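# Remarks on the overall topology
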Amino acid sequence: MAWIRPSDLGAGPGSVLDVLKAEVVAAYEHPDADVFRVRELARDGLFSFGPGIEAIPDEFLDWRVLRAALAERQENARRTAAISRWRAVDIDHTRIADWLDKPLRAGEEAVQVLGHLRDKLAVEIATRGDKRIVDPGGIADAFFSMIVHDGHAVAAGTGDLPPAIQFLVNAGLELDDINPAATFGKTMDLLIFQKRLRIICEANGLPWQKLKRTVTQDRLPAMVIQEGMRIHAHDQPERKGSDLNDISLLCLAPYADSTYVDKRTLEGVRRARGTIGIFDRLIGHVGKARNYGEIFAALTTP
């Protein structure tokens, strides 16, 4: 068998984060490499090979010790899938400049607006979220408690920055990263990408300013796959947590001859292939199989 080589050899098989780490390091060390060259550079050392038992550390052989951690990961995937596509108001297309003169709502008005949005999110989770979610209202409450916390932090800011800019700075962007002409959606994409990049930066001891100037999303195969699926995958009536796992698994497609996915993921791949040339060239054969026997036959056929 083959599995992703983890950064921590005692942690069991690696994850999509380890794939992204390998790609980021390759892109940083070879600043002239395009996404296809980064793929080839990252491939070296990305996988471990051997009997499947070697992928599992001895302390994990009793799978029951992982039960709570795996359950929490599943719950988090369901929460993320239920919330990530929700928009209280469609502002992704607006420019950051459009928000520079907007003040924070205050007092009772802010409370009423947030309460109304919280109720809308709870309904959205109940109707469109993974059916295994047992407390949509609790998830909505937790989400908006973070919004309130962030709002208080912006209100307490001591500088002269507009609230919209202060929000982005508090979230992790630096002032020179914020382009007033960029859309809100693109700016949030950059924010999320930089959060991932910072994790890798700190884990590998890389210089942050040079790293963020050198490594861009379009040079990382995993980011091309995830972004392509985010844009082109169909917004299913039920947003299942397993969809996030499926997209993470699809990030291995640039390193495989054949990748087997479920029907929902395959349709997203077809949509992205027809629109994004780099996406199409990065991944090999992607299909679905009726059963594991069909996959085994494909593996053993000369």
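Scroll up a little and you will see the structure.
Residues numbered from 1 in each chain as written. Predicted model: local features only at pLDDT ≥ 70, side-chain atom pairs only at ≥ 80, totals over all residues. Heavy atoms only, no water.

The next thing to look at is the packing of aromatic side chains. Inspection of the entire model under this criterion finds three aromatic pairs. The interplanar angle of 70 degrees and the centroid separation of 6.3 Å between the aromatic rings of Phe47 and Tyr255 together place this pair among those described as edge-to-face. Of this pair, Phe47 sits in strand E2 (residues 47-49) while Tyr255 sits in the loop between helix H10 (242-250) and strand E3 (258-260), and the two are 208 residues apart along the sequence. Taking the centre distance of 6.2 Å and the plane angle of 75 degrees together, the rings of Trp86 and Phe144 count as edge-to-face. In this pair, Trp86 is assigned in the loop between helix H3 (67-84) and helix H4 (107-128) and Phe144 in helix H5 (residues 136-155), connecting sequence segments 58 residues apart. (Phe/Tyr/Trp six-rings, centres within 6.5 Å; stacked < 30°, edge-to-face > 60°. Helix = DSSP H or I, 4+ residues; strand = E, 2+ residues; numbered from the N terminus.)

With that settled, consider the environment of Gly138. Summarising the element assignment, Gly138 is placed in helix H5. Among the residues examined, Gly138 registers a relative accessible area of 26% and is labelled partly exposed. Taking C-alpha positions, Gly138 is 21 Å from His152, a pair spaced 14 residues apart along the chain. (Buried < 20%, exposed > 50% of the residue type's maximum accessible area, 1.4 Å probe, protein only.)

Looking now at the side chain of Arg39. Looking at the secondary structure, you find Arg39 in helix H2 (residues 35-43). The exposure class of Arg39 is buried, given its relative accessible area of 14%. Polar side-chain contacts of Arg39 include one of 3.1 Å to the side chain of Glu40. In this view, Arg39 contacts Pro221, Pro254, Tyr255, Arg281 and Leu282; residues no more than four positions away in its chain are not counted. (Polar contact = N/O pair within 3.5 Å; in protein donor to acceptor, adjacent residues only side chain to side chain. Contact = heavy atoms within 4.5 Å.)

Below, the discussion takes up the nonpolar core. The biggest cluster of nonpolar side chains holds 37 residues, and the ones touching the most others in it are Val24, Leu211, Val215, Leu220, Leu250 and Ile283. Every residue in contact with Val215, bar those within four places of it in the chain, is listed here: Val24, Ala27, Tyr28, Phe193, Leu197 and Leu220. Ranked by size, the runner-up nonpolar core spans 11 residues in total, among them Leu121, Ala122, Ile139 and Ala140. (Core = buried A, V, L, I, M, F, W, Y, C linked by side-chain atoms within 4.5 Å.)

At a closest axis distance of 8 Å, the pairing of helix H1 (residues 16-29) and helix H9 (residues 221-232) adopts a crossing angle of 125 degrees. By the criterion of interaxial angle, the relationship of H1 to H9 is oblique. Where H1 abuts H9, its residues Val16, Leu20 and Glu23 lie against Pro221, Ala222, Met223 and Gln226. Its residues assigned to classes, the contact of H1 with H9 shows five nonpolar, one polar and one charged. (Axes fitted to C-alpha atoms, helices over the stretch in contact; angles between N-to-C directions. Parallel < 35°, antiparallel > 145°, perpendicular 65-115°, else oblique. Nonpolar A, V, L, I, M, F, W, Y, C, P; charged D, E, K, R; others polar.)

This part is about the pattern of salt bridges. In total, this model carries 27 salt bridges according to the counting rule given. Between Arg85 and Asp235 there is a salt bridge whose closest N-O contact spans 3.9 Å. Of the two residues, Arg85 is situated in the loop between H3 and H4 and Asp235 in the loop between H9 and H10; the sequence distance between them amounts to 150 residues. Put simply, Glu124 and Arg239 hold a salt bridge, and the shortest N to O gap is 2.8 Å. A residue pair is termed long-range when its members are at least 10 positions apart, and Glu124 in helix H4 and Arg239 in the loop between H9 and H10 qualify at 115 residues. Overall, Arg239 belongs to the buried group, its relative accessible area being 7%. When salt bridges that share partners are traced, they join Arg85, Glu124, Arg128, Asp235 and Arg239 into one network. (Salt bridge = Lys/Arg side-chain N within 4 Å of Asp/Glu carboxyl O.)

In contact at an axis separation of 8 Å, H1 and H2 are set at 115 degrees when each is read in the N-to-C sense. Where H1 crosses over H2, the two elements pack in a sense that is right-handed. Across the interface between the two elements, Ala22, Glu23, Ala26 and Ala27 from H1 touch Val38, Leu41 and Ala42 from H2. Considering only residue class, the contact of H1 with H2 consists of six nonpolar, no polar and one charged. (Left-handed = near helix turned anticlockwise from the far one by under 90°.)

Distances and angles like these do not, on their own, reveal function.
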